[in-house]
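Fold and geometry: a report
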Amino acid sequence: MMKKFMRVLGIVMSTVIIVGIMAACTSNNTSGNNTSGSTSASAEKKPVSIRFLWWGTDVRHKATLAVIDMYQKAFPNVTIEGEYGGFDSYQDKLTTQLAGGTAPDLMQLSFTWPIDLQKKGGFFVDLSKYPKLIDLSMFPNSLIDGFGKVGNAVVAVPTGASAYGFIVNKNLLTKAGVPLNQKWTWDGFLDAAKKVHALGGDYYFSYDNRKVDLFQKYLRPYLEARTGQNMIKDDYSLGFTRDNLVEALSYIKTLNDNKAWPPVSEVSSAASLAEDPRWINGKIASSLGVWVSSVLPSAKAIGDAADVEIFPTLANGKDTAIASQPAQDFSVNARSANIEETIKFLNYLFTDEQALKILKDTRGVPVSKKGIEVAEANKLVDPIITKCLKLGLDNSTSIPYCPISDDSEIKNAGQDVIEMMLFGKLTPNAAADEMISRYNVLLREMKAGK
Amino acid sequence: MFGLFGCRINFNIEERGSIVSNTLKMPANIKKKFYKPFRRENIGLVYILPWFIGFLVFGLYPFIASIVYSFTDYTLLKPPNFVGIQNYITMFTTDKDFYKSLTVTIIYSVVAVPCKLTSALIIALLMNMKLKAVNLFRTAYYIPSILGGSVAVAIVWKALFVNNGVINSILSTFGIAPVKWLGSPASAISIIVLLNIWQFGSSMVIFLAGLKQIPQELYEVARVDGAGKFRIFYKITIPLLTPVIFFNLIMQLIHSLQEFSAPFLITNGGPMKFTYFYGMKLYEYGFKFYKMGYSCALSWFLFAIILALTALIFRSSNSWVYYEDGGKS
């Protein structure tokens, strides 16, 4: 009796499981199916499904989802699936999807990626081939040419403009006797660092003690200001001499020795400046190279005490080396089944007044012609961000952007050498030699591979 | 007996032949031809078919693909080009972090595995005693090792040891200045070793099973003969546990040489690459630098090392592992 019952139960359960799996598989198939997009002029209105991938914080997610809703109401045959999350591991996820051919139709990219990825795999659509769907002249040329153009193909458009911000705590600087609104130079930076640390052992001028930041926001701008060239030029040669590098590395060592930032061996748990208790409690006076989209949360964290200053440069340098770049880029997947519908949506994000009002400055300061109009008319951009961008654009570098300097291995090698120097394993001279030898090996490889 | 759809199925063990053909009463030659897969002796294969397909697709195919890729310059984004043994040459000559990474991983294994096995053994001995609520303790000690893939645990570990983390907060209440657990090379790797040792649960359970298999008569006889506790431990317990020790040693060694999530999440390879484990290096080269071909070469070298060490331990096992039945089973 029991045996029979158990057997019947077993059969019922296996049937349920099998049916369940089949149902799940079928539903996956139907939702994942991209039926072909509607052809240009005819009002075919076939149902279309677009996947849109981006990273950000809640503010950006909410705004984007609201715009997606609006678009779906205006064009009921289009379904847009938003895939979003934080920036952590975004790049890994995206490149894996690109490699596997499962990338979404519309993707948000960091400005250093489009040219690199396009060269490595031709993943993106040339938007200049669709002039009826998107008018590329609405974007500033500089943001397209430098960051989104490979040959004559335009593979990425800027979501907004950004510049590295130098965010400061006004009150703390005044307390330490550091003049505000000055024309910051690297010498002045060192001066301010000494003054702030003189206030007490746990007071530091800068938040940036991580090797990633020290390489990208201190070493590179210093070098490029000194030489007036890209750190790595587009012909894969070094844009600096050994002496230049020794000077730059010695400067960073001097900053470190004068306790410009917390000790490099101190690992903080705070996810960002805005959440770090030392910043919130006014023990840290500034952070360099803060991304425009993080300026606002960091500023809000200390309220009225927040301000932005001009990015430091060299008093006698050949160039300001103050970069401005797209806040992020949007690209369309070349393997998408709905290229035209995706481009239509992309265009909507930049030209529809309601959409622009909702998106505001969640992706940097708007740069499309319509975007700028709407932002000014409705005062959509927080004044601190406008100031940050203005300071960047007014003193902008004249060095054209070269993506090789942002290659992961190049950055990694530079970061590792700086770390070794700051831990005392290498003198600036030895560090310069080490970095140059590593770069020579890497650049030789890269040149051969291209 | 009634089977699916109410067919009568004869499960008489003496009767040879297939289950289905018996039921449907078909002529003998058709029985043999069409129902071969369902012959009693082959039906086991049908049952393991789902696993086998999974193994082929997710196990064997990547296994073979990776050795092929290791001879190419596969960047994950473009189709691969054959480059011969270039990757292997680069590994040993121009890669700056290769030897550092290898050394760090081996030191980690050499330190962590014995410590882990020792603590597992000690706790297993404790658990073997007849204490009240011993089951509760056993579960409690086993839980850390099943907290899956150690990702969540690694994040918790980081939160504990970070500069303004839990451990330093506790120390500060005793007036001790915060210690830079993750900032100094020596302590950073110790923290990761500690995390590995903390997850001794699975080894402990296996030791416990081994302990329970030791016949009680041996202990009684030894006690009667007047042997002290330590003597009993060294002369009876340890020798009879050597098969279990052998098993745990091999499993833990293989596992620790492949460690990835702890260093990746806690220290990200720093400071100064002192926790840049081989597993992490594999990952970075494959997914961050788009050098998947090189990454495959690295992983096959790791395979070779693990194979060599395992073979070494197996070879040596003849001299120190004692099997009750003389090693025949």
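Residues numbered from 1 in each chain as written. Chains lettered and ligands numbered in written order. Predicted model: local features only at pLDDT ≥ 70, side-chain atom pairs only at ≥ 80, totals over all residues.

Across its full length, chain A holds 17 helices and 13 strands. Along the three orthogonal principal directions, the C-alpha set of chain A runs to about 80 × 65 × 50 Å. Look at the contacts in chain A between residues 6 or more apart in sequence, and 73% of them connect residues 24 or more apart. (Helix = DSSP H or I, 4+ residues; strand = E, 2+ residues; numbered from the N terminus. Contact = placed C-beta atoms within 7 Å.)

With that settled, the discussion passes to the overall build of chain B. A count of helical and extended segments in chain B gives 15 helices and zero strands. In chain B, buried positions account for 27% of the 329 residues. Here the contacts in chain B between residues at least 6 apart in sequence split such that 64% fall between residues at least 24 apart. (Buried ≥ 20, exposed ≤ 12 C-beta atoms within 10 Å, placed from the backbone.)

All names here are of chain A. The five strands are arranged 2-1-3-13-6 in an open sheet whose pairing can be described as mixed. At either end of the open sheet lies a strand with only one pairing partner, and these are strand 2 (78-85) and strand 6 (157-158). In this sheet, strand 3 (residues 106-109) lies alongside strand 1 (residues 48-55) in parallel orientation, the contact comprising two bridges. Looking across to strand 3, one finds that phenylalanine 52 is bridged to leucine 106. This element, helix 12 (residues 339-351), spans strand 1, strand 2, strand 3 and strand 13 (329-332) of the sheet and lies at about 160 degrees to strand 13. (Pairing = 2+ DSSP bridges. Axes fitted to C-alpha atoms, helices over the stretch in contact; angles between N-to-C directions.)

All right, on to the pairing of strand 10 (residues 284-290) of chain A then. Residue and element names in this part refer to chain A. The buried fraction of strand 10 amounts to six of the seven residues, a majority that puts the element mostly inside the structure. The pairing of strand 8 (residues 165-169) with strand 10 spans four bridges and is antiparallel. Among the inter-strand pairings, phenylalanine 166 is bridged to a residue of strand 10, identified as leucine 288. Bridge analysis of strand 9 (residues 204-206) against strand 10 gives two bridges, and the strand direction is parallel. When the sheet's bridge partners are listed, tyrosine 204 is paired in strand 10 with isoleucine 284.

What follows concerns the nonpolar core. The nonpolar side chains of a soluble globular protein tend to be buried with one another. Counting 176 residues, the largest nonpolar core has Leu219, Ile252 and Val295 of chain A as the members making the most contacts within it. The dominant element in this core, judged by the number of residues it contributes, is helix 5 (residues 98-128) of chain B, at nine residues. For isoleucine 252 of chain A, the residues in contact, after removing those within four places along its chain, are Leu214, Tyr218, Leu219 and Ile418 of chain A. (Core = buried A, V, L, I, M, F, W, Y, C linked by C-beta atoms within 7 Å.)

A few words now on the confidence of the model for chain B. All names here are of chain B. Confidence along chain B averages 84 in pLDDT terms, with 86% of residues attaining 70 or more. Low confidence marks residues 1-10, where pLDDT is under 50. Its contacts with residues over four positions away, or in another chain, come to 11 contacts. Listed scores for the predicted complex are pTM 0.77 and ipTM 0.74. (pLDDT = per-residue confidence, 0-100.)

Residue and element names in this part refer to chain A. Within the element layout of this structure, isoleucine 280 appears in helix 10 (residues 277-280). Residue classification places isoleucine 280 among the partly exposed residues on the basis of 17 C-beta atoms within 10 Å. Along the sequence, isoleucine 280 and proline 312 sit 32 residues apart, while their C-alpha atoms lie 23 Å from each other. Ignoring any residue separated from it by four or fewer positions in sequence, one finds isoleucine 280 in contact with Ala301 and Ile302.

All names here are of chain A. In the predicted model, chain A carries a mean pLDDT of 86, and the fraction of residues at 70 or more is 94%. Confidence scores differ between elements of chain A, with helix 1 (residues 2-32) showing the lowest mean pLDDT of 64 and helix 9 (residues 242-257) the highest of 95. Note on residues 25-43: pLDDT is under 50 here. Beyond four places in sequence and across chains, it has 20 contacts.

Facing 24 residues of chain B, the contacting portion of chain A comprises 21 residues. Among the residues making up the side of chain B that touches chain A, the classes are represented as 11 nonpolar, eight polar and five charged. (Nonpolar A, V, L, I, M, F, W, Y, C, P; charged D, E, K, R; others polar.)

All names here are of chain B. Between its first and last C-alpha atoms helix 10 (residues 201-212) spans 17 Å; for 12 residues at 1.5 Å apiece the expected length is 16 Å, and the two agree. Buried within helix 10 are the following residues: Gly201, Ser203, Met204, Phe207, Leu208 and Gly210. Looking at the buried side of helix 10, the elements it contacts are helix 5, helix 6 (134-146) and helix 12 (229-257). (Expected span 1.5 Å × (residues − 1).)

All names here are of chain A. Here the domain parsing of chain A yields domain 1 (48-162 + 326-386) and domain 2 (165-322 + 407-449). The C-alpha-based centres of domain 1 and domain 2 are spaced at 30 Å. Domain 1 puts six residues into the contact, and the matching count from domain 2 is eight residues. Per-class residue counts for the side of domain 1 that touches domain 2 are three nonpolar, two polar and one charged. (Domains from an automatic or database assignment.)

Residue and element names in this part refer to chain A. Considering the arrangement of structural elements, one finds leucine 190 in helix 7 (residues 186-197). Once the C-alpha coordinates of leucine 190 and lysine 259 are considered, the two residues, 69 residues apart in sequence, prove to be 9.7 Å apart. Here leucine 190 is in contact with Thr254, Leu255 and Asn258, once residues within four sequence places are set aside.

Residue and element names in this part refer to chain B. Running from N to C, helix 12 and helix 15 (residues 292-320) point in directions that differ by 170 degrees, and their axes come no closer than 10 Å. By the angle class used here, helix 12 and helix 15 are roughly antiparallel. In the crossing of helix 12 with helix 15, the sense of the turn from one axis to the other is right-handed. Every residue of helix 15 that contacts helix 12 at Thr242, Phe246, Leu249, Ile250, Leu253, Ile254 and Leu257 is listed here: Leu302, Ile306, Leu309, Thr310, Ile313, Ser317 and Trp320. Here the residues of the contact of helix 12 with helix 15 are counted per class, giving 11 nonpolar, three polar and no charged. (Parallel < 35°, antiparallel > 145°, perpendicular 65-115°, else oblique. Left-handed = near helix turned anticlockwise from the far one by under 90°.)

Take helix 2 (residues 58-74) of chain A next. Given a rise of 1.5 Å per residue, 17 residues ought to cover 24 Å, and the 24 Å separating the end C-alpha atoms of helix 2 of chain A matches this to within 8%. Where helix 2 of chain A is buried, its residues contact strand 1, strand 2, helix 12 and helix 13 (353-359) of chain A.

Our focus in this paragraph is the environment of valine 321 of chain B. Residues and elements named next belong to chain B. The topology assignment puts valine 321 in the segment after helix 15. Here valine 321 falls in the partly exposed class, since 19 other C-beta atoms lie within 10 Å of it. Discounting chain neighbours no more than four positions away, the residues touching valine 321 are Thr242, Pro243 and Phe246.

This brings us to the sheet that holds strand 10 of chain A. All names here are of chain A. The four strands are arranged 9-10-8-11 in an open sheet whose pairing can be described as mixed. Both edges of this open sheet fall to strand 9 and strand 11 (306-309), since each of them pairs with a single strand only. The average undirected angle you get between the axes of adjacent strands in this sheet is 20 degrees. With respect to the sheet, helix 7 is in contact with strand 9 and strand 10, its orientation differing from that of strand 9 by roughly 150 degrees. The strands touched by helix 15 (residues 383-394) are strand 8 and strand 11; relative to strand 11, the strand with the most contacts, the crossing angle is about 15 degrees.

Here we take up the packing of helix 16 (residues 408-422) of chain A against helix 17 (residues 428-449) of chain A. Geometry of a packed helix pair, given as the angle between the helix axes and the separation of the axes. Residues and elements named next belong to chain A. The contact between helix 16 and helix 17 brings their axes to 10 Å, and the two run at 165 degrees. In this view, helix 16 runs roughly antiparallel relative to helix 17, as classed from their interaxial angle. Handedness of the crossing formed by helix 16 with helix 17: right-handed. Along the contact surface, helix 16 presents Glu409, Ile410, Ala413, Gly414, Val417, Met420 and Met421, while helix 17 presents Pro428, Ala431, Glu434, Met435, Arg438, Tyr439 and Leu442. Split by residue class, the contact of helix 16 with helix 17 holds 10 nonpolar, one polar and three charged.

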